[in-house]
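Chain by chain, the residues run as shown.
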Amino acid sequence: MRVSVQISRGIESLFGTHDENIRLLETGLNVSTQLLNDCLEVEGAEADVARAECILEEYNALVKEGQVFGNGDLNSYLRVVAEDREVSLRSLVTSGRQRNFGKKIIVPKTINQRRYLEAIERNDLVFGIGPAGTGKTYLAVAMGISALLGKRVGRIILTRPAVEAGERLGFLPGTLQEKVDPYLRPLYDALYDMLDMDKVEKLLERSVIEVAPLAFMRGRTLNDSLIIVDEAQNSTPEQMKMVLTRQGANSKMVVNGDVTQIDLPLGKRSGLLQAAEVLRGVEGISFVNFDERDVVRHTLVQRIVRAYEKYEANGASRQLSLRLQEGEDGSSPPESA
């Protein structure tokens with residue numbers, strides 16, 4: 001099947017740098033395209049062509065309505081609509097306008113990001129597990145700001161394990177708050193990105209927004225709040241159980257972590273790993289798993305994550321091979337020079 005779709009405006013935005021956007025559409029939908037004057041000819045199976053035609057017509061309509069696609073935004077949207085045929089380009093673009101994120105319009109750029117936001121809206125406890133750069137913390141803070149501005153919660157609690165061992169704080173200068181603030185800086189960065197600095201400072205002064213180490217949560221009951229537990233892979237099982245049981249009435253909790261970057265002392269198990277085993281399948285709790293395809297930082301970060309995963313997998317294979325060799329001949333393998 002072959003159809004032609006007129007693209008009167010926004011040709012450069014549609015094609016992207018080195019035609020990366022249109023190539024993504026071709027690969028994702030298994031179609032081929034050809035630009036003829038101001039028309040884009042699409043060829044392929046009937047269902048695939050119909051899907052591509054729908055996406056292109058939605059793109060046309062959005063551009064005519066004044067939608068401007070920022071650098072890389074359209075590529076992210078096309079990646080989602082090419083993979084998930086139940087999502088329309090329009091709904092993806094306009095979903096960010098329907099939530100008040102302060103001075104930002106935030107739209108999920110991958111399927112898992114969309115699932116993550118939907119999970120936070122539907123569930124009272126959500127775990128976001130995956131590598132750095134996938135937007136776990138940023139999107140959780142955005143949902144907290146949206147809930148606060150929409151008066152669905154009365155405050156936002158942001159917490160994370162401060163360091164690997166608490167006693168190290170004593171060697172830093174300043175008050176206790178000044179000692180732990182450097183470890184909480186990513187949470188402050190997300191807040192300042194979405195709200196004016198003066199507003200953030202006022203909300204912090206009034207404790208409407210609270211940023212604190214995980215240890216400060218013990219003994220508390222957090223009502224009418226959206227609680228974000230960041231870097232949860234560095235919590236112990238005892239800390240994880242403690243913070244999960246702080247949730248009070250009319251509260252939601254989002255727990256984020258990257259299980260490939262656990263900084264706990266050797267022999268200490270991650271509370272996030274244990275929670276994933278204990279709580280998976282419990283009603284009202286949602287788990288969203290991210291991977292390197294969800295990395296929305298510099299494209300090089302995706303390659304770095306993938307390279308480390310390959311290296312670690314190869315390392316595990318080498319260790320297994322060495323253990324098998326030891327078992328076969330009853331001796332240790334020779335040390336390398």
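Calculation criteria
- Residues numbered from 1 in each chain as written.
- Predicted model: local features only at pLDDT ≥ 70, side-chain atom pairs only at ≥ 80, totals over all residues.
- Heavy atoms only, no water.
- Helix = DSSP H or I, 4+ residues; strand = E, 2+ residues; numbered from the N terminus.
- Buried < 20%, exposed > 50% of the residue type's maximum accessible area, 1.4 Å probe, protein only.
- Contact = heavy atoms within 4.5 Å.
- Salt bridge = Lys/Arg side-chain N within 4 Å of Asp/Glu carboxyl O.
- Polar contact = N/O pair within 3.5 Å; in protein donor to acceptor, adjacent residues only side chain to side chain.
- Pairing = 2+ DSSP bridges.
- Axes fitted to C-alpha atoms, helices over the stretch in contact; angles between N-to-C directions.
- pLDDT = per-residue confidence, 0-100.
- Core = buried A, V, L, I, M, F, W, Y, C linked by side-chain atoms within 4.5 Å.
- Phe/Tyr/Trp six-rings, centres within 6.5 Å; stacked < 30°, edge-to-face > 60°.

Caption draft 1: The arrangement of the overall build of the chain in detail. Tallying secondary structure elements over the chain gives 12 helices and 9 strands in all. By the burial criterion, 47% of the 337 residues in the chain qualify as buried. Taking the contacts inside the chain whose residues are at least 6 apart along the sequence as the reference set, 71% of them involve residues at least 24 apart.

Caption draft 2: Structural view of the pattern of salt bridges. A complete count under the given rule lists 14 salt bridges for this structure. Where E43 meets R2, a salt bridge forms, and the shortest distance between an N and an O atom there is 3.4 Å. Residue E43 is found in strand β3 (residues 39–43), and its partner R2 is found in strand β1 (residues 2–6); the two are separated by 41 residues along the sequence. With a relative accessible area of 35%, E43 lands in the partly exposed category. On the basis of relative accessibility, which here comes to 52%, the residue R2 falls in the exposed class. Between D48 and R85 there is a salt bridge, with its nearest N and O atoms 2.8 Å apart. A residue pair is termed long-range when its members are at least 10 positions apart, and D48 in helix α3 (residues 46–64) and R85 in the loop between α4 (73–83) and α5 (89–95) qualify at 37 residues. Among the charged side chains, a network of salt bridges with common partners joins D84, R114, E118 and R122.

Caption draft 3: Spotlight on the side chain of S251. Inspection of the secondary structure assignment puts S251 in the loop between α10 (237–244) and β8 (252–257). Among the polar contacts listed, one links the side chain of S251 to the backbone nitrogen of D224, at a separation of 3.1 Å. Within the local environment of S251, its side chain forms a polar contact with the backbone nitrogen of S225, the two atoms lying 3.0 Å apart. In this structure S251 touches D124, L222, N223, D224, S225 and I227, once residues within four positions along its chain are discounted.

Caption draft 4: Structural view of the sheet that holds strand β9 (residues 285–289). If you trace the 6 strands from one edge of the open sheet to the other, you get β6-β5-β7-β8-β4-β9, paired in parallel fashion. Each edge of the open sheet carries a strand with a single partner, namely β6 (209–213) and β9. Taken pair by pair, the neighbouring strands of this sheet meet at an average axis angle of 15 degrees, ignoring direction. Examined bridge by bridge, strand β7 (residues 225–229) and β8 share 4 bridges and lie parallel to one another. Of the residues in β8, the one forming a bridge with I227 is M253. Sheet strands touched by α10: β4 (125–129), β7 and β8. Its angle to β8, the strand with the most contacts, is close to 155 degrees.

Caption draft 5: The arrangement of the confidence of the model for the chain in detail. This prediction gives the chain a mean pLDDT of 83; 85% of its residues lie at or above 70. Taken element by element, the predicted model of the chain shows its lowest mean pLDDT in helix α12 (residues 299–329) (72) and its highest in β4 (97).

Caption draft 6: The arrangement of unusual backbone geometry in detail. The backbone of D224 shows a phi angle near 50 degrees, a positive value even though the residue is not glycine. Summarising the element assignment, D224 is placed in the loop between β6 and β7. Given a relative accessible area of 31%, D224 falls into the partly exposed group. The backbone of E231 shows a phi angle near 50 degrees, a positive value even though the residue is not glycine.

Caption draft 7: Fine view of the nonpolar core. Counting residues in each nonpolar core, the largest one holds 35 residues, and the members touching the most others are Y116, V141, I145, L158, L191, I209 and V211. Secondary-structure elements contributing two or more residues to this core are α6 (111–122), α7 (136–149), β5 (155–160), α8 (176–194), α9 (197–205), β6 and β7. Core analysis: the next-biggest nonpolar cluster, separate from the first, contains 30 residues, I22, V42, Y59 and L92 among them.

Caption draft 8: Focus on the pairing of β5. For β5, the tally of buried residues reaches 5 of 6 residues, placing the bulk of the element in the interior. As paired elements, β5 and β7 share 5 bridges and run parallel to each other. Across the sheet, the residue bridging to I157 is I227, located in β7. Pairing between β5 and β6: 5 bridges, direction parallel.

Caption draft 9: How the structure looks around the packing of aromatic side chains. Summed over the entire model, instances satisfying the criterion amount to 2 aromatic pairs. Summarising the aromatic geometry, the rings of Y116 and F290 are spaced 5.3 Å apart at their centres and angled 80 degrees between planes, so their arrangement reads as edge-to-face. Of this pair, Y116 sits in helix α6 while F290 is found in the loop between β9 and α12, placing the two residues 174 residues apart along the sequence. Accessibility assignment for this pair places Y116 and F290 in one class, buried.

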